[in-house]
Each structure stands twice: as structure tokens, then as C-alpha cells.
Amino acid sequence: MSPPPSRTLDPKAAIWLAALLLAIIAPFIVSAYNLNLIGRFLALSLTGMGLVLLWGEGGVLSLGQGVFFGLGGYVLAMHLKMADLGQGELPDFMTWSGVTKLPVWWAIFRSPVTAMLGILIVPTAFAVLFSWLMFRRRIGGTYFALITQALGLAFATLLISQQGLTGGFNGLTDYHTLFGLNLNLPSTTRALYWLTLLLVVLAYFGLRWLLASRFGTMLRAARDGSNRIRFLGYDPGPYKVVAFSVAAMLTGVSGALFTLHAGVISPALVGVVPSIEMVIWVAIGGRYSVLGAIAGTLIVNFAKDKISTALPELWLYALGGLFILAVTALPNGLAGFFGSDRWKRPALDETLARWRARKAVS
Amino acid sequence: MDLGFIIGQVFNGFSVASIYILAALGLALSFGLMRVINMAHGEILMVGSYVAYLTIALVPGPLGIFAAMIAAFAVAGLLGGVLEVTLVSRLTSRPLDTLLATWGVSLILQQAARDIFGATGVSVTAPAWLDHTILIGGQTLPVTRLFIMAVAVAVLGGLAAFLRSTRIGLLVRAVNQDRPTAAAMGVDVRRVDAAIFALGSGVAGIGGVVLALLGPVTPNVGQSYIVTAFLVVVLGGLGSTLGMTIAALMIGLFMALSQIFVDVSLAQVLSLLFVILFLQFRPQGVIAVRSRALDE
């Protein structure tokens, strides 16, 4: 049983509050290069938080989150490319590929308003359609994971092959203005960093609220015993569709923010390999913990940045080792070391999973 | 449209399907028994390809390719067995975690291959008797492609005979049908799991030899086929070998025939769409195993 809530600040919350304060004043204490890295990785942590909802709480593993990341990132990058152009001009790579007219699905994101709406709507709408097709026929588990992986592959292949429309293998890069602001000015980069931090904090509290709500309870129930849910008269499908779509929306925003910080979006950031790397951030941080996902994203990406610049060939061994370690030794991730929140019942999960696995092989 | 061209594409479809069969057979076998998918299966194909490269360098002659198959089967089978005993068997109650752990193995194997053989490809010289074309019904067909089909048919036939008439095959079928009852009757289900995992990996090793005939062997050679092989298993339905074979033919032919109208990347997108739509009508895949159990 958890102790009754007390009025005093518990030490864990104090640590996180201190971390948040440090993050707020970071632009004044770290170098521009490191600030850019922190901004990027905070943007990525929105993807991680989406996976906590989908994979940790919903029990649905998606190996295709790169698709939603890419949809958000490309919508913004298309807008940024057009923002730099005069009337009637085409992005440079289109001219090189002999495209003479701006496609309609580019033109609609010329206005900043439609671009911002597009970042929210395009990934979410696609996620609703895709996950509804899957979950209405009760396709889940390993099948679902493998189909989402194929989706990631198809998306990246399509982007690469349509050189004249998507920028092909190089993706979309080299843009300078957002809402008329120069993206290269230190004041703009600082503002973008704070915007990212604000969105991360909002997403954190939003997810906490969602997971504590009735919806969260139903989602966990659907994960642990979908047949029992059905016997009680509920359809688990819609709960999973909502979880998948909310995760996709977060991932789309994450992709757009990442594109702003990194200055590029390309197929190499959205395909099969990056999609599964997104899962490892959460596996390391803790798939049942929203804070764990943020921490995991930051830790794994900083490690990647340091190791892959110093010893590039070592990084893939390290990453491979992390995958194995995360599931064999740390099924609850780093968050597992720091106690559990009230809705987490890893021990019960484990028991149920074993029980179901024995049943399933009949 | 030119009829000869269409017939050529049908032939290509069967030839691609043969590769998917060799790549997906091991996946389907162990998915049927354990409900887990080995994400490092593509790298087992890759190991098979590199073994072919080494063996053919050692045994040049016209029969080098068969020596390569035997060697690749043994090495890949051993690797699969080790992987099963050390990692996969510990995770069978958590199929999604198995995906992640074996993906880690695949990254390590890829990087190891890059360190040993270099990132650029090595090429395998096919024996002279494979290196020409023959004319059948007005079509010029490369002998290599026919050979690949023959290998796929031989492997499928051999496996069917193995499962049907050996003692191990009997045990495998028993565990496949009803794992707890088989265990209660004294079948060592863990050993059956390991044996089948090793056998499936050995088949993937043979698949790797075949891939080495088609193009340069790179550390990523397995990755280019494996995602579609996973789709084949999904479409085939609960690890059924027959279902997997039909699914491989369906996807192979669909890809080849859609390339009459669209380019290869669009064909890939369309084949995924085809699988998703097919699952709308048959969510259990081509062959659904009948069961009264509520949880699959």
C-alpha cells in the first residue's frame, strides 16, 4: 500500500523540480552547441512519452513511430522551404528534378496556420485510419509490430524514390525563417528551446492526467486482459486506437520540433532503424514511466552523441547491447530503480504475461 | 501489353517468392512453436552469405556451391541454436521483448560483419554452370533463378518429409498442436524449441548462399529481404508452413506484377497495402489454425 499523500515535498519531486529549473536557465549556462543538443533531445522525448502511453500502458509495440515523426517533420519542413521562397518560385531540388509546378499538397502548407494545423492533424489522421484498420480486426502483438515496421520501411522508400517531390535521400534542409523570425539568431534558438521545454512539460502533465483517468484504467485493462474486457461489455479496440493516435500526435509534434532544432528532416531519420531506436529510449528509461521516458531519451541520445563521435564503430555494439540488456536485466528500465507509481504493477504484468503465454501455445 | 513481358514478370515473381520462402521458413517454424519472431534472422541470412563467400574461395570447382550450402546450413544452424539457448528461450513469455532483444543481436552481428569483411560488399563468383541463360517457351531465363526455385522446392520438400516421418518431426508436430499436453506426455519442449530454431536458422543460411548468387554480399544484405519476410509470416498465419509458402507466392507475384504498372518503391507500398487489406478479411492470415482457446 502506498503511504497517504503528505503536504511536504518528497525528495523525488524536489530532484525533478531542480532539474526543471536547471533546464529553464540552461540557455544562460551551456554552450550554444549543447543547448541545441538538449533542445533536440527534449523534442525527441515527446516521441518517447507517446511510446509510454502506447507500449507501456497500452501494451502495443509500434516499430513504425518514425512514420509519424516524419509526417510532422516533413509538414513543417515543407512550410519552412516555402517560407524562404518568393511568389511563384520552386524549392531548389524541385527545379533540379524538372518539377515545374508546386504540388497541391505542398501549397496548402504555405500559410503558417495550415502548417501548424497540419503538424497536428496529418500524423493523427493517418494514425486513426491505420490503427482502426488494425484493431478492429484484433490484430495486435507481434503481428502489429511487424506490420508497423513494414510501414516504416515503405514510408522511407517512398520518400527516397520521389526525389522531385520530397527531396529524396537528402530530405529537406537549408531553411532560415519561421513566422518571419530568423532561425539563426541566438534569441530565436533560445525561444525555440523554451517552447520545446514548455511542450514537454505540458505533454508530461497531459499524459499523467490521461493515464490517471478512466481512459487510462481501461487501456491498462485492455492490455492485461482484453477478453475479460469484452466479457464486461467493452470493446478494447477504440481505447487502443485513441492511445495509438495520441502517441502519433505527440510523435508528429516531436518530429516538427526536431526538424527546427536539427535544421533537417530526411528519410534516414524516419525509417526502420530510427523507428526501433525510439523504442530503446523508452525501454532504457522505463516503459511504464513518463519521466523515465524523458530521462531515457536524453541519456541514450547523449550517449549516442558522445560515443558515436569518439568511437563510431563502437556505438552499434553498445546500442545492440542496450537492447539486450534493457529487456533481460531491466524490464522496467531505469525508472524501475526509483519505485513505482500507483498504476504500475510490473509484477502482476509479468505474471499475467507468463500465464497468457502458456495459454497461448495451446 | 506484351504477353512475353507479363510471363517474364510471373517468372520473376516465383523467383522472388522462392527467396522469401527460404528467408521466412525458419521464422514461421519458430513462430508456430514459440510465438516469437527472431529479428536477427536477416543477419543469419547474411552469415550464410559470408560463409558462401568463404567456402567458394576455398572450394572453387563446380560443386563449390553445394559445399557452401552445407557449410552455411551448419554455421547458421549453430548460431541459431546458441541464440535460442542463451537469449530467446529466456524471453518466450514476452514476445515483444524478444523482438527488441533479437534486434540488438542483429545490430551486433551487422557491425561485426562490417569490422571483419568491411562495409563494401564482397562478391561470390557463381560456378560456370549457373552462369548462363536457357530458352523456355520463347523466354530467356537465367539459370541462377531456376536454381533458386529448385533449392526452395527441395528445402520445402525435405522439411515436409522431415516433419512427417522422423521422430523429431513427430515431436515438433506434437508441440505445435498442443504444447502443455505434449510437455505432460514427457516431450522435452525446450529441446524441441531449440532444435527447430537451429533448423530454421540453418535454412536461412541456405537462403544466404542463394542471395550471394544474386548480388554483392554486404553487412546489410539480410535487411533488404527480412522486413518482407516478416510480412510473409504475418500473412501466412500463425506459423503455418503451408500458409507461409502461399503467402510468399502471393507477395512475390503481387510485387512482380505490380511492377508492370508502377516502379519498385511504389510496388513495395502497394504490397503492404495489400497485406493490410487482406488481413481485413482474414485477420488470422491465409491459414487459420482452428482452436477453441479464447486467447488465440
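This report concerns the structure included in the present document. Predicted model only: the values in this text are computed from it and were never measured.

What to know about the environment of G207 of chain B
Residues and elements named next belong to chain B. Counting through the fold element by element, G207 comes out in helix 8 (residues 189–214). With 45 residues separating them in the primary sequence, G207 and G252 have C-alpha atoms 16 Å apart. If we ignore the near neighbours within four places in the chain, the residues touching G207 are L22 and L45.

Description of the interface of chain B and chain A
Contacts between the two partners involve 51 residues from chain B, matched on the other side by 53 residues from chain A. With both sides pooled, the region where chain B packs onto chain A buries about 4600 Å², and carbon together with sulfur makes up 71% of that total. Where chain B meets chain A, there are one salt bridge. Between R287 of chain A and D97 of chain B there is a salt bridge, and its shortest N-O distance comes to 3.1 Å. For the interface between chain B and chain A, the tally reads nine residue pairs in polar contact (both at pLDDT 80 or more). Where the side of chain B that touches chain A is concerned, the elements lending two or more residues are helix 1 (3–34), helix 4 (95–117), helix 7 (179–184), helix 9 (223–236) and helix 11 (264–281) of chain B. Here the side of chain B that touches chain A takes 15 residues from helix 4 of chain B, the largest share from any one element.

Quick look at the packing of helix 9 (residues 186–212) of chain A against helix 12 (residues 236–262) of chain A
Residue and element names in this part refer to chain A. Contact geometry for helix 9 and helix 12: axes closest at 11 Å, N-to-C directions at 170 degrees. Considering their axes alone, helix 9 and helix 12 lie roughly antiparallel with respect to each other. Contacts between helix 9 and helix 12 pair L192, Y193, L195, T196, L199, A203, L207 and L210 from the former with V246, L250, V253, L257, L260 and H261 from the latter.

A word on the packing of aromatic side chains
Tallying each qualifying case throughout the model produces 23 aromatic pairs over all chains. A centroid spacing of 4.9 Å and a plane angle of 90 degrees characterise the contact between F41 of chain A and F302 of chain A, whose relative ring orientation is edge-to-face. Note that F41 of chain A is positioned in helix 2 (residues 32–57) and F302 of chain A in helix 14 (residues 290–310), a separation of 261 residues in sequence. With a relative accessible area of 6%, F41 of chain A lands in the buried category. Taking the centre distance of 6.1 Å and the plane angle of 80 degrees together, the rings of F66 of chain B and F147 of chain B count as edge-to-face. Here F66 of chain B is found in helix 3 (residues 64–86), whereas its partner F147 of chain B is found in helix 5 (residues 143–165), with 81 residues between them in sequence. Look at F147 of chain B and you get buried, because its relative accessible area is 10%. These aromatic residues form a ring-pair network of at least three members: F68, F126, F130, F135, F144 and F244 of chain A.

Looking at the pattern of salt bridges
Applying the stated criterion across every chain, the model contains seven salt bridges over all chains. Between D193 of chain B and R179 of chain B there is a salt bridge, and its shortest N-O distance comes to 2.5 Å. Taken as a pair, D193 of chain B in helix 8 and R179 of chain B in helix 7 lie far apart in primary sequence, 14 residues in all. Look at the salt bridges and you will find they share partners, linking R287 of chain A together with R94 and D97 of chain B into a network.

Points about helix 6 (residues 167–177) of chain B
Each α-helix winds once per 3.6 residues, and so residues spaced three or four apart point in a common direction. Residue and element names in this part refer to chain B. Considered for burial, the residues of helix 6 that qualify are G169, V172 and V175. For helix 6, the angular spread of buried residues about the axis comes to 125 degrees, placing them on one side. Those residues of helix 6 that are exposed and aimed more than 90 degrees away from the buried face are R167 and Q177. Those residues of helix 6 that are buried are in contact with helix 1, helix 5, helix 7 and helix 8. Regarding helix 6, its N-cap is T166, as a side-chain oxygen of that residue lies 3.0 Å from the backbone nitrogen of G169 further along.

The rules behind each value
- Residues numbered from 1 in each chain as written.
- Chains lettered and ligands numbered in written order.
- Predicted model: local features only at pLDDT ≥ 70, side-chain atom pairs only at ≥ 80, totals over all residues.
- Heavy atoms only, no water.
- Helix = DSSP H or I, 4+ residues; strand = E, 2+ residues; numbered from the N terminus.
- Contact = heavy atoms within 4.5 Å.
- Buried area = accessible area lost by both parts, 1.4 Å probe.
- Salt bridge = Lys/Arg side-chain N within 4 Å of Asp/Glu carboxyl O.
- Polar contact = N/O pair within 3.5 Å; in protein donor to acceptor, adjacent residues only side chain to side chain.
- Axes fitted to C-alpha atoms, helices over the stretch in contact; angles between N-to-C directions.
- Parallel < 35°, antiparallel > 145°, perpendicular 65-115°, else oblique.
- Phe/Tyr/Trp six-rings, centres within 6.5 Å; stacked < 30°, edge-to-face > 60°.
- Buried < 20%, exposed > 50% of the residue type's maximum accessible area, 1.4 Å probe, protein only.
- Arc of directions from axis to C-beta.

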